[in-house]
Amino acid sequence: MALRTCSKNLGSKLSCMLTRTSLLHSHATSFGFKQVPEDEKSKLVGNVFSSVASSYDLMNDLMSGGLHKLWKDRLVSKLHPIPGMKYLDVAGGTGDVAFRIFDSINSVSRRTTQGALEGNLDDETQINICDINPNMLSVGKKRAAERGLGDNRSLVWVEGDAEALKFGDGTMDGYTIAFGIRNVTHIEKALSEAYRVLKPGGRFLCLELSHVDVPIFKNLYDYYSFSVIPAVGELVAGDRESYQYLIESIRKFPRQEMFARMVADAGFQKVEYENLVGGVVAIHSGFKA
């Protein structure tokens, strides 16, 4: 709009040139409903998760009425993890998804190998938990210790960026990310990295809060999201602003159809998504050919 309103006088021409240059060289992205420079978003998101790390699981229980546990169960059931494989859970610092993968593999081990002991997986089995935020990883490691898994070699905790993963090409049998991809600065880069680290035949699974289409339900969901959740965040976590951002980030995330196209554009095959609770969340999936 600014480019169209430049007048022909010299001062306005100079202003127009400066505006055009600014637009060409500024790279803005969304932080909730705000536009911020790209190089600031990761720091702002980091501040959010550092603030909410200690109360993250409790707030998930409160915000979803405990349903997030069922959603993560569904995610892992679609992954079909088996012993001897290598998995990567990104933005999973608290270990919620990784522990489910671990338990699922243990369940398979007990069914197929008599005398298999709880907590002793195949030496080849590896579940990598990658998170950019050290506070979230600290919560996950503490939870692992509480489960008696503090020294388990199958669980590998890695501080890392979803847009620049520290893993080699074609090294993972499965990639999961739950409630994390909407917080990255460049979704396309995160998807490209997911594709890169997966082996041929490897599965990509993304659980993300999404968009509700049913009008009456949508109105109730919007009221709950914008009025109730930030208030609960302030009461329980002492942090209203972080939860305000988390709600806004959901609304800025691409709709299910658009995100599915982004997953396909990254190279994945047989891309599909499953809406849960009317689209409150969706599980996107695809395979690397």
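The notes below deal with the structure included here. Within every chain, residues take consecutive numbers counted from 1 along the sequence as written. At least 70 in pLDDT is required for a residue's local features to be given in this predicted model, at least 80 for side-chain atom pairs to be given and counted, and no such filter applies to totals for whole chains, interfaces and linings, which use all residues. Processing note: side-chain calculations cover all non-hydrogen atoms of the structure and skip hydrogens and water entirely.

**Structural notes on helix 9 (residues 240-252)**
Phase 1: The terminal C-alpha atoms of helix 9, which comprises 13 residues, lie 19 Å apart, in line with the 18 Å expected from a rise of 1.5 Å per residue.
Phase 2: Within the sequence span of helix 9, burial applies to Ser-242, Tyr-243, Tyr-245, Leu-246, Ile-247, Glu-248, Ser-249, Ile-250 and Arg-251. Secondary structure elements are defined from DSSP: runs of H or I of at least 4 residues count as helices, runs of E of at least 2 residues count as strands, and each element is numbered from the N terminus. Multiplying one less than the number of residues by 1.5 Å gives the expected span of a helix. Buried residues are those whose accessible area, probed at 1.4 Å on protein chains only, stays under 20% of the maximum for their type, while exposed residues exceed 50% and partly exposed ones sit between those limits.

**Some words on the side chain of Asp-96**
Phase 1: By secondary structure assignment, the location of Asp-96 is in helix 5 (residues 96-112).
Phase 2: Between N or O atoms, a polar contact is any pair within 3.5 Å; within protein, one atom must be a potential hydrogen donor and the other a potential acceptor, and residues adjacent in sequence are included only when both atoms are from side chains. A distance of 3.0 Å separates the side chain of Asp-96 from the side chain of Arg-143, its partner in a polar contact.
Phase 3: Two residues qualify as a contact provided that any one of their heavy atoms is within 4.5 Å of a heavy atom in the partner residue. Other than its neighbours up to four places away in sequence, Asp-96 contacts Asp-57, His-68, Lys-72 and Arg-143.

**Here we look at the pattern of salt bridges**
Phase 1: By salt bridge we mean one thing: a side-chain nitrogen of Lys or Arg within 4 Å of a carboxyl oxygen of Asp or Glu. Under the defined criterion, the tally for this structure stands at 17 salt bridges.
Phase 2: A salt bridge links Asp-169 to Arg-196, with the shortest nitrogen-to-oxygen separation between them at 2.6 Å. Here Arg-196 lies in helix 7 (residues 187-197) and Asp-169 lies in the loop between strand 5 (155-159) and strand 6 (172-178), a separation of 27 residues in the sequence.
Phase 3: Here Asp-169 falls in the exposed class, since its relative accessible area comes to 57%.
Phase 4: The partly exposed category is assigned to Arg-196, whose relative accessible area is 22%.
Phase 5: Note that Lys-218 is salt-bridged to Asp-222, the shortest N-O span being 3.0 Å. In this pair, Lys-218 and Asp-222 are both assigned in helix 8 (residues 215-237), four residues apart and thus about one turn of the helix distant.

**Looking at the side chain of Arg-100**
Phase 1: Of note, Arg-100 is situated in helix 5.
Phase 2: With relative accessibility at 17%, the residue Arg-100 sits in the buried group.
Phase 3: A polar contact is formed between the side chain of Arg-100 and the backbone oxygen of Asp-96, at a distance of 3.0 Å.
Phase 4: Among residues more than four places away in sequence, those in contact with Arg-100 are Lys-69, Lys-72, Asp-73 and Val-76.

**Focus on the packing of helix 3 (residues 56-64) against helix 4 (residues 67-79)**
Phase 1: The axes used here are C-alpha line fits, helices contributing only the stretch in contact, and every angle between their N-to-C directions lies in the interval 0 to 180 degrees. Following both chains from N to C, one finds helix 3 and helix 4 inclined at 100 degrees, their axes separated by 7 Å at the closest point. Considered as vectors, helix 3 and helix 4 are oriented roughly perpendicular to each other. Contacts between helix 3 and helix 4 involve Asp-57, Asn-60, Asp-61 and Ser-64 from the former and Leu-67, His-68, Lys-69, Trp-71 and Lys-72 from the latter. Every angle not falling under 35 degrees, over 145, or within 65 to 115 is termed oblique; those three ranges are roughly parallel, roughly antiparallel and roughly perpendicular.

**Thoughts on the packing of aromatic side chains**
Phase 1: The criterion for an aromatic pair is that two Phe, Tyr or Trp rings (for Trp, the six-membered ring) have centres within 6.5 Å, with stacked assigned to planes under 30 degrees apart, edge-to-face to planes over 60 apart and tilted to the rest. Here the structure, examined in full by the defined rule, presents six aromatic pairs.
Phase 2: For the ring pair Phe-99 and Trp-157, a centre distance of 6.3 Å and an interplane angle of 65 degrees mean the geometry is edge-to-face. Note that Phe-99 is positioned in helix 5 and Trp-157 in strand 5, a separation of 58 residues in sequence. Note on accessibility: Phe-99 and Trp-157 belong to one class, buried.
Phase 3: Note on Tyr-195 and Phe-268: the rings are 5.2 Å apart at their centroids and 80 degrees apart in plane angle, and the pair reads as edge-to-face. You can see Tyr-195 sitting in helix 7 and its partner Phe-268 sitting in the loop between helix 10 (256-265) and strand 8 (269-276), a full 73 residues away along the chain.

**A few points about the nonpolar core**
Phase 1: Remark: nonpolar core denotes a set of buried residues (Ala, Val, Leu, Ile, Met, Phe, Trp, Tyr, Cys) joined through side-chain atoms within 4.5 Å. One finds Ile-101, Leu-155, Phe-179, Leu-207 and Val-281 to be the most contacted residues of the largest nonpolar core, which totals 40 residues.
Phase 2: Looking at this core element by element, the count peaks at six residues for helix 5.

**Regarding the pairing of strand 7 (residues 198-209)**
Across a regular strand the side chains alternate sides, sitting on one face of the sheet and then on the other.
Phase 1: The buried fraction of strand 7 amounts to nine of the twelve residues, a majority that puts the element mostly inside the structure.
Phase 2: The rule for pairing is simple: two strands pair if DSSP sees at least two bridges between them. Bridge count between strand 6 and strand 7: six bridges; the pairing is parallel. Following the sheet pairing, Met-172 is matched in strand 7 by Leu-198.
Phase 3: Taking the sense of rotation as the criterion, the β-α-β connection linking strand 6, helix 7 and strand 7 turns out right-handed.
Phase 4: In this sheet, strand 9 (residues 281-287) lies alongside strand 7 in antiparallel orientation, the contact comprising seven bridges. Paired with Phe-204 across the two strands is Gly-286, which belongs to strand 9. Orient the strands so they point away from the viewer; a crossover is then right-handed if the path from the first strand over the helix to the second runs clockwise.

**A short note on the sheet that holds strand 3 (residues 86-90)**
Paired through backbone hydrogen bonds, the strands of a sheet run either parallel or antiparallel to each other.
Phase 1: Strand order across the open sheet formed by seven strands is 5-4-3-6-7-9-8, with mixed pairing between neighbours. Of all strands in the sheet, those with a lone pairing partner are strand 5 and strand 8, marking the two edges. Averaged over neighbouring strand pairs, the angle between their axes works out to 15 degrees when direction is ignored.
Phase 2: Bridge count for strand 3 against strand 6 is four bridges, and the pairing is parallel. Directly across from Asp-89, in strand 6, lies its bridge partner Thr-176.
Phase 3: In this fold helix 10 packs onto strand 7, strand 8 and strand 9, with an angle of close to 155 degrees to the strand it touches most, strand 8.

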